Amino acid sequence: MSQRVLVRAGAHARRHCPLRIPWGGAAPAGLALGGRVLPAQPDGDAIAVIVPFAAASDTLEMSPAPVPAGGGVRVEDRGDRVEVWLDGEELTVYRYADVPARPYFWPLRAPGGVPLTRAWPMAEEVPDETRDHHHHRSLYFAFGAVNGVDNWSEEPGHGRTVHRSVDEAVGGPVFGRLATTADWTDAVGARVLEQKAIVTFWRGSPELRLIDIDLTLTATDGDALFGDTKEGGIVTVRVASAMDVPRGGRIENSFGGVDEAETWGRAAHWCDYSGVVDGRRVGVAVMDHPLSFRYPTYWHVRNYGLMGANPFALGDYTRGQKDGAHLLPRGESLRFVYRLALHAGDAQEAGIREHYLSFVSPPVAEATE
């Protein structure tokens, strides 16, 4: 068994940083770091840990150790939904049965259990919520023009994402994972695309919860033309109405753009939406990864509470100066990789820039005998 792990932070400080460490042989239950033991979890040919903190240029030395049982991520398939819990607190629910158009995640909770996304139209009891765009269901995957099929709205003749299977639903002391298969269809049920989604829920901290999304769309039944339309978000979030910009919320992107006028239709490595909900300032950032199609993505983000990663709407974004349509040949795939950061504070207070760097350029880890 490997007896020592070296983690080199590199040029940037690391805080609550998920890390996969290549590992051969039996995986340890934990890794000792100073006076504490970090839980470890097998993940393919590696083990996963969350590094709580490392200063820039630090090298951390860890060694296998037993870790007390308790806590972690629980993922449970109930037959019509998948519930996700962090240390006994609800994080989100993936709802896939009897949905109007497509599966969605709702609620989505920031640290402290604060609801980050709008409850309407799934629930009616939240006061002062807006009631526009009833297809904006919390957190979901959708796009409005694939071979002319509108798999974005819920207007007559819309397309659908039809859930086929839960392929994996596992929990553990470091992360939980949900893998699903679904079909994008037209209004009469003919398949246009196959969707494979792998969603990893990392164990949280008092200030941060991280969700990784790895989404693959495959043209299984012929060529698939992604049209140039702003009506879509491969990953889309409709934030809680209290976070809307007219109510004191704030949009910010990786280049420092603020609110819709400086972020809508702009390419950026990440985009963040924050505001005060139930007396606490919270936010959600969506970060794009270099493995994604057309990285860095463009953003369909609005002051009224919508934030979606849409790399296709170049015509809308440039007033016709560019064409964002893309033809996906039969049998080929597009891959989209994102990390969501559900956080306390605004983007600056949460250190979203640093968390983004940990996502795309994580520390270097080495296990030695």
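In case you missed it, the structure is sitting above this.
Presented here is a report on the structure given in the accompanying data block.

What counts as what
- Residues numbered from 1 in each chain as written.
- Predicted model: local features only at pLDDT ≥ 70, side-chain atom pairs only at ≥ 80, totals over all residues.
- Heavy atoms only, no water.
- Helix = DSSP H or I, 4+ residues; strand = E, 2+ residues; numbered from the N terminus.
- Rg over C-alpha atoms; globule rule 2.2 N^0.38 Å.
- Contact = heavy atoms within 4.5 Å.
- Areas by Shrake-Rupley, 256 points an atom, 1.4 Å probe, with all protein chains shown as cover.
- Buried < 20%, exposed > 50% of the residue type's maximum accessible area, 1.4 Å probe, protein only.
- Arc of directions from axis to C-beta.

1. Observations regarding the overall build of the protein chain
Logical step 1: Along the protein chain, the regular secondary structure elements total four helices and 27 strands.
Logical step 2: Its C-alpha radius of gyration of 20 Å places the protein chain within 12% of the 21 Å reference for a compact globule of 369 residues.
Logical step 3: Put simply, of all contacts in the protein chain between residues at least 6 apart along the chain, 64% involve residues at least 24 apart.
Logical step 4: Carbon and sulfur atoms make up 49% of the accessible area of the protein chain, which totals about 14500 Å².

2. Quick word on unusual backbone geometry
Logical step 1: That bond from Trp106 to Pro107 is cis: its omega, -5°, falls within 30 degrees of zero.
Logical step 2: Topologically, Pro107 is positioned in strand β11 (residues 104–108).
Logical step 3: Going from Trp120 to Pro121, the amide bond is cis rather than trans, its omega being 10°.
Logical step 4: Within the secondary structure layout, Pro121 lies in the loop between β11 and β12 (139–146).
Logical step 5: You will see that His16, though not glycine, has its phi angle at about 45°, which is positive.

3. A short note on helix α4 (residues 352–360)
Logical step 1: Turning to α4, its buried residues number three or more, namely Ile352, His355, Tyr356, Ser358 and Phe359. Taken end-on, α4 shows its buried residues confined to a sector of 160°, consistent with a single buried face.
Logical step 2: Residues of α4 that are buried sit in contact with β2 (14–22), β17 (208–218), β21 (270–277), β22 (280–288), β26 (333–344) and α3 (347–350).

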